[in-house]
Amino acid sequence: MSRRHQKKRWQPWMTGLIAVALTVFAFYLGFAKSLPFTGHGYQISAVFSNAQEIRVKSPVRIAGVNVGKVTEVDHLVTDGKGQQAAVVKMELSDDALPIKQDATMEIRPRLFLEGNLFVDLHPGSPSAPEINSGSTVPIAQTSTSVQLDQVLTTLQAPVRSDLQTFLVEFGNALDKYGGGAGLQTNFRSSPAAYRYTAEVNEAVLGTQPGDLTGLVVNLDSFIRALNGHQTQLQDLVTNLGTVLNAFGKEGNALETAIFTLPQVLSEGQPALVNLNAALPQLRAFAREALPGAR
């Protein structure tokens, strides 16, 4: 038998088997979007005050580009009142790195045709130190977007009635009561005021490059701190409302006190000056009288 006949011939079924295997592999890549037998990538977790029905496999995006996915959502109860929070675990690709310590995340709705939600990731400032895989972003650096149903829930009948009243009165102020003409007169007769307003706006920019940026960053930190103490903020607003209500009930007495305050200050200032001048002699007398008092 010749050597040519001794070699194993390529069978057609082998070609079909390889084609089927390649097709299955292509379908796997299309649905899984990852290579098999590879280890987990960069892992990161974040604590949200409200997970807003975000699901496993929801995308994680940076500037609209997919850089990872949600791998687990663990719902928590933070206090005895049943306040909900959630730990969202994510797996990120190398395109998302590096992630800094001041990174922020927000759960946002996707496009109308996409449906569902996604995690909007801001990796942080370049000067901040990096965080390692497996780290957790605290709740102070996360937020959730306002959903349409929440907006509609706030527009109950009393709110809608007040909003209608405001729009009617605002329209009357501009049309019926000469408000539009008054605004036009104000614009024409107040060029100096607008000049000073421009100077104020220029002063807001600061004296050094980056002052306004620092103001915005610090204001963002301040707002996040307020958001992290909502219960204390509600108590503060409630107590402030009580104080203002008490002032409102004593409006006449408060008006009288404010009217007489300049006279009290004008008469009290000389008395305070004389008292201040008498304090050295009083101090010397106290030192001399101390041995006899003992």
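Every chain is numbered on its own, with residues counted from 1 as its sequence reads. Residue-level local features of this predicted model are given only where pLDDT is at least 70; pairs of side-chain atoms are given and counted only at 80 or more, and the full residue set underlies all totals for whole chains, interfaces and linings. Hydrogens and water molecules were not included; the side-chain quantities draw on all heavy atoms of the structure.

Draft legend 1. Structural context of the overall build of the protein. Every helix listed is a DSSP run of H or I at least four residues long, and every strand listed is a run of E at least two residues long, numbered separately from the N terminus. For the protein, the helix and strand inventory stands at 9 helices and 8 strands. Any residue under 20% of the maximum accessible area for its type is buried, any over 50% is exposed, and the rest in between are partly exposed; the area is computed with a 1.4 Å probe on protein chains only. For the protein, the proportion of its 294 residues judged to be buried stands at 15%. Note on contacts: a residue pair qualifies if any of its non-hydrogen atoms lie within 4.5 Å across the two residues. For the protein, restricting intrachain contacts to residue pairs at least 6 apart in sequence, the fraction spanning at least 24 positions comes to 61%. Using the Shrake-Rupley algorithm and a 1.4 Å probe, accessible areas are obtained, with residue cover drawn only from the displayed protein chains. Total accessible area on the protein stands at roughly 22800 Å², and carbon and sulfur atoms take up 62% of it.

Draft legend 2. Seen up close, the pattern of salt bridges. For this document, the term salt bridge refers to a Lys or Arg side-chain nitrogen within 4 Å of an Asp or Glu carboxyl oxygen. The tally for this structure, following the rule as stated, stands at 2 salt bridges. With a shortest N-O distance of 3.7 Å, K89 and E72 are connected by a salt bridge. A residue pair is termed long-range when its members are at least 10 positions apart, and K89 in strand β4 (residues 84-92) and E72 in strand β3 (residues 65-77) qualify at 17 residues. The class of E72 is partly exposed, set by a relative accessible area of 36%. The salt bridge involving R108 is made with D120; its shortest N-O contact spans 2.9 Å. In this pair, R108 sits in strand β5 (residues 104-109) while D120 sits in strand β6 (residues 117-122), placing the two residues 12 residues apart along the sequence. A relative accessible area of 7% means that D120 is categorised as buried.

Draft legend 3. Quick look at the packing of aromatic side chains. Aromatic contacts are taken between Phe, Tyr and Trp rings whose centres are within 6.5 Å, Trp giving its six-membered ring; a plane angle under 30 degrees counts as stacked, one over 60 as edge-to-face, and the others as tilted. Inspection of the entire model under this criterion finds 1 aromatic pair. Here the aromatic rings of F166 and F170 are separated by 5.9 Å at their centres, their planes lie at 20°, and the arrangement is stacked. Pair noted here: F166 and F170 are both in helix α4 (residues 157-175), with a separation of 4 residues, about one helical turn. Across from the ring centre of F118, 4.9 Å away, lies the NZ or CZ of R61, which sits over that ring. By definition here, charges over rings are those cases where NZ of Lys or CZ of Arg is within 6 Å of the ring centre and within 35 degrees of the ring normal.

Draft legend 4. The nonpolar core, seen in detail. For the purposes of this section, nonpolar cores are sets of buried Ala, Val, Leu, Ile, Met, Phe, Trp, Tyr and Cys residues that join through side-chain atoms within 4.5 Å. Ranked by size, the top nonpolar core spans 25 residues in total, and within it I44, I54, M90, L92 and M105 carry the most contacts. Secondary-structure elements contributing two or more residues to this core are β1 (42-48), β2 (59-62), β3, β4, β5 and β6.

Draft legend 5. Local environment of a nonpolar patch on the surface. A cluster of nonpolar side chains, L163, F166, L167, F170, L174, L183, F187 and Y194, forms an exposed patch at the surface whose accessible area comes to about 800 Å². Elements with a contribution of two residues or more to the nonpolar patch: α4 and α5 (179-189). With respect to the helices and strands, L174 occurs in helix α4. Distance thresholds for patches are 9 Å for like charges and 5 Å for nonpolar side chains (Val, Leu, Ile, Met, Phe, Trp, Tyr), applied to residues having over 30% relative accessible area and no salt bridge.

Draft legend 6. Examining the confidence of the model for the protein more closely. Mean pLDDT over the protein: 79, with 82% of residues reaching 70 or higher. pLDDT runs from 0 to 100 and stands for how confident the predictor is about each residue. The secondary-structure element of the protein with the lowest mean pLDDT is helix α1 (residues 3-6), recorded at 50, while β2 shows the highest, at 93.

Draft legend 7. Structural context of the pairing of β2. The side-chain alternation of β2 yields two buried faces, one formed by P59 and R61 and the other by V60 and I62. A pair of strands counts as paired when DSSP detects no fewer than two bridges linking them. The pairing of β2 with β6 spans 2 bridges and is classified as parallel. Its bridge partner lying in β6, V60 is registered against V119.

Draft legend 8. How the structure looks around the side chain of D120. Only 2.9 Å separates the side chain of D120 from the side chain of R108, close enough to count as a polar contact. In contact with D120, not counting residues within four places along its chain, are R61, A63, T104, M105, E106 and R108. Here a polar contact is recorded for every N or O atom pair within 3.5 Å, except that within protein the pair must consist of a potential hydrogen donor and a potential acceptor, and residues adjacent in sequence are included only if both atoms are side-chain atoms.

Draft legend 9. Just the pairing of β5, in detail. In this sheet, β6 lies alongside β5 in antiparallel orientation, the contact comprising 6 bridges. Bridge pairing in β6 places E106 opposite D120. Sheet analysis places β5 next to strand β8 (residues 142-144), joined by 3 bridges and oriented parallel. Bridge pairing in β8 links I107 to T144.

Draft legend 10. Just unusual backbone geometry, in detail. A cis amide bond, omega 0°, links L97 with the succeeding residue P98. Even without being glycine, K57 reaches a positive phi, approximately 75°. By the secondary structure assignment, K57 is in the loop between β1 and β2. Even without being a glycine, A63 presents a positive backbone phi close to 55°. If you trace the backbone, A63 turns up in the loop between β2 and β3.

Draft legend 11. Summary view of the environment of S49. Looking at the element boundaries, S49 is found in the loop between β1 and β2. Residue class for S49 comes out partly exposed when judged on its relative accessible area of 36%. For S49, the contacting residues outside a window of four places in its chain are Q84, A85, I139 and T144.

Draft legend 12. Looking closely at the environment of V47. Residue placement: V47 occurs in strand β1. Here the alpha-carbon distance between V47 and A86, two residues 39 residues apart in the chain, equals 5.7 Å. Contacts of V47, omitting those with residues within four sequence positions, involve A86, V87, T136, V137, P138, I139 and T142.

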